[in-house]
Amino acid sequence: MDENSNSNVVDLPTEQAQMALNKILKETFRLKEYSLQITPGSSKGDNYIGIIYRVLVKRSVPSLDKELRLIVKMPPMHPQRREQFFARPCFLREITAYEELLPLFKQFQQEKGIDISSEGFCHAPFSYQCISENFTEAIFMQDLKLDGYEMYDRCQEMSYEHALKAIETLAKFHAVSFAINDQRKSDPAYKKCREMEDIWLARRDNKTMNDYMAGLSQRALNTLDAEKDARIYEKVKNLLTTSYIENLEKVVGNKVAEPYAIVCHGDFWTNNILFKHKDNKPVEAFLLDFQIIRYASPVTDLCYFFFTCTSSVFRRQHFQHLLDLYYEILNCLINKLGSNPDVVFPKSVFKEHMQRFGMFGVMMAVMLLPIFVAKSEEAPDLEKAAEKIADGEDVSKMSEEETSADTILAYNKRMRDVLYDAFDYNMIP
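This is a predicted model, so every value here is computed, not measured.

Student: Describe in detail the packing of helix α7 (residues 207-221) against helix α14 (residues 359-372), supporting the description with residues and values.
Tutor: Running from N to C, α7 and α14 point in directions that differ by 80°, and their axes come no closer than 9 Å. The pairing of α7 with α14 is recorded here as roughly perpendicular in orientation. Side by side, α7 and α14 meet where Met 213, Leu 216, Ser 217, Arg 219 and Ala 220 of the first sit next to Val 366, Met 367 and Pro 370 of the second.

Student: With reference to specific residues and values, describe unusual backbone geometry.
Tutor: A negative phi angle is the norm for most residues apart from glycine, just as the trans form is the norm for most peptide bonds. Here the residue pair Val 61 and Pro 62 is connected by a cis peptide bond, since its omega of -5° sits within 30 degrees of zero. Within the secondary structure, Pro 62 sits in the loop between β2 (51-61) and β3 (68-74). Of note, Arg 59 is a non-glycine position whose phi angle comes to about 45°, a positive value. Non-glycine residue Asp 289 carries a positive phi angle of around 60°. By relative accessible area, which is 11% here, Asp 289 ends up buried.

Student: Give a detailed account of α7, specifying residues and quantitative values.
Tutor: Compared with an ideal rise of 1.5 Å per residue, which puts 15 residues at 21 Å, α7 spans 21 Å between its outermost C-alpha atoms and is within 8% of the ideal. Among the residues making up α7, those that are buried are Met 209, Met 213, Gly 215, Leu 216, Ser 217, Arg 219, Ala 220 and Leu 221. Packing partners of the buried residues in α7 comprise α8 (230-240), α9 (244-252), α14 and α16 (405-424). The N-cap residue of α7 is Asn 206: its side-chain oxygen and the backbone nitrogen of Thr 208 are 3.0 Å apart.

Student: Before we move on, can you summarise the packing of aromatic side chains with the specific residues and values?
Tutor: In this structure the tally under the stated criterion is 23 aromatic pairs. With a centroid separation of 4.9 Å and 75° between ring planes, the pair formed by Phe 306 and Phe 319 is classed as edge-to-face. A residue pair is termed long-range when its members are at least 10 positions apart, and Phe 306 in helix α10 (residues 299-309) and Phe 319 in helix α11 (residues 312-336) qualify at 13 residues. Exposure remark for Phe 306: the relative accessible area of 0% places this residue in the buried category.

Student: Tell me about the sheet that holds β3, and name the residues and values.
Tutor: With antiparallel pairing, five strands are arranged side by side in an open sheet as β1-β2-β3-β5-β4. Sheet topology places β1 (33-40) and β4 (127-131) at the edges, where each strand pairs with a single neighbour. Direction aside, neighbouring strands of the sheet carry axes that sit 20° apart on average. As defined by bridge partners, β3 adjoins strand β5 (residues 138-142) across four bridges and the pair is classed as antiparallel. The residue of β5 that forms the bridge with Val 72 is Phe 140.

Student: Describe the nonpolar core, with residues and values.
Tutor: In this structure, Trp 200, Leu 248 and Phe 305 are the most contacted members of the largest nonpolar core, which totals 122 residues. Core analysis: the second largest hydrophobic core is formed by 19 residues, Leu 12, Ile 24, Met 74 and Ile 131 among them.

Student: I'd like to hear about the pairing of β2, residue by residue, with values.
Tutor: Two strands pair when backbone bridges link them, and β1 and β2 are joined in this way by seven bridges, in the antiparallel orientation. The partner of Pro 40 across the bridge, within β2, is Tyr 53. Direction of pairing for β2 relative to β3: antiparallel, over a ladder of seven bridges. Paired with Arg 54 across the bridge in β3 is Ile 71.

Student: Can you lay out α9 for me, pointing to particular residues and giving the numbers?
Tutor: In an α-helix, one full turn covers 3.6 residues, which means residues spaced three or four apart are oriented alike. Of the positions making up α9, those classed as buried are Tyr 244, Ile 245, Asn 247, Leu 248, Val 251 and Val 252. The arc enclosing the buried residues of α9, seen along the axis, measures out at 155°, which places them on a common side. Those residues of α9 that are buried lie in contact with α7, α8, β10 (294-296), α10, α13 (347-357) and α14.

Student: I'd love a proper account of the side chain of Thr 223, names of residues and values included.
Tutor: With respect to the helices, strands and loops of the structure, Thr 223 is situated in the loop between α7 and α8. For Thr 223, a relative accessible area of 12% translates into the label buried. Within polar-contact distance, the side chain of Thr 223 engages the backbone oxygen of Ala 220 at 2.6 Å. Contacts of Thr 223, omitting those with residues within four sequence positions, involve Asp 229, Tyr 411, Asn 412, Met 415, Arg 416 and Leu 419.

Cut-offs applied
- Residues numbered from 1 in each chain as written.
- Predicted model: local features only at pLDDT ≥ 70, side-chain atom pairs only at ≥ 80, totals over all residues.
- Heavy atoms only, no water.
- Axes fitted to C-alpha atoms, helices over the stretch in contact; angles between N-to-C directions.
- Helix = DSSP H or I, 4+ residues; strand = E, 2+ residues; numbered from the N terminus.
- Parallel < 35°, antiparallel > 145°, perpendicular 65-115°, else oblique.
- Contact = heavy atoms within 4.5 Å.
- Buried < 20%, exposed > 50% of the residue type's maximum accessible area, 1.4 Å probe, protein only.
- Expected span 1.5 Å × (residues − 1).
- Polar contact = N/O pair within 3.5 Å; in protein donor to acceptor, adjacent residues only side chain to side chain.
- Phe/Tyr/Trp six-rings, centres within 6.5 Å; stacked < 30°, edge-to-face > 60°.
- Pairing = 2+ DSSP bridges.
- Core = buried A, V, L, I, M, F, W, Y, C linked by side-chain atoms within 4.5 Å.
- Arc of directions from axis to C-beta.

Okay, structure coming up:
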């Protein structure tokens with residue numbers, strides 16, 4: 001995208017957002033005069049609940065020493081899209097994360113004498129302000145692109161080097177969460193996040209959503225053949241013909257992972273991770289999008305990532321090594337934060353959770369691989385999809401007119417591989 005092209009220039013969709021942006025520029029950055037260039041901050045298919053705007057500040061008074069850019073994240077204004085894709089509850093969660101949870105993470109680490117920049121978790125963008133009023137929700141953040149961070153191509157298999165950095169960051173996030181849960185379980189910010197109901201389970205009685213998930217589950221099952229895949233077929237069929245919500249209840253339902261549950265990221269996949277490179281190699285990973293934070297086993301974040309962002313070949317080569325590395329980093333930081341990893345999350349429990357809760361990664365693959373494998377030009381029109389869902393239409397099937405044969409083949413292979421790997425890892429009950 002040519003950010004200097006006037007054809008790409010847009011306005012923020014609400015007056016409240018524009019007023020908040022002006023207030024930030026005047027009060028935080030002490031600007032008296034300026035002009036703004038606002039452009040779309042992501043491509044079609046990159047974001048599903050939030051809409052990203054990139055703000056470039058130009059011709060400011062006083063003049064700036066370096067370029068100033070901000071990110072504004074807002075929900076869709078389309079009523080049915082907001083309803084069908086849970087926009088408001090998701091934004092309220094993310095606002096809680098930026099205003100309460102992440103500041104708690106920082107304060108807690110500082111109190112423990114941790115050098116956050118070198119050994120702790122500080123891998124999330126800074127938020128300048130949030131708006132929580134209905135239909136005007138907005139989050140104003142630093143633009144990490146200015147510091148050299150960039151998104152990995154979601155249509156490409158993630159490399160080992162990038163996955164390594166992502167897992168390192170996740171382990172640090174989980175370590176801080178474990179330590180706070182151990183030492184300050186009743187902290188208001190952490191307690192608030194801990195008591196949030198899972199975003200999907202909150203819609204358990206929504207027939208439209210249940211029908212949609214049933215369609216996605218059948219599509220996943222259709223990637224197998226009862227005879228050719230007889231080794232795994234019956235177990236997979238039993239899983240995928242059970243209510244999707246019933247399966248989720250088993251892995252992220254209320255307190256099912258206690259006493260080893262923590263506040264997790266919840267949406268740990270390629271597009272929610274930004275990487276910084278040096279000499280063409282990733283040196284750091286930052287986390288984005290805290291809209292689906294959940295209180296669950298940390299294994300849910302890991303298996304979500306492995307089953308939606310990596311291939312079967314990758315998992316055969318690196319799965320166990322990355323799990324070992326994750327636990328090593330987790331163990332080390334929990335210790336430094338003053339908790340005992342052998343008590344808060346023993347290695348034996350970690351291994352047991354991988355089998356007990358790994359099914360969550362399968363359920364996320366069932367839901368999201370059809371979207372994740374689609375190229376930008378094939379990504380669904382979410383407003384039309386929301387309208388069809390509201391009207392009771394089945395949008396779970398891939399349309400051959402709208403989806404290339406290559407994309408359908410890619411989905412079939414990746415979904416089938418997920419089912420085989422989850423079976424071989426003893427994650428399918």
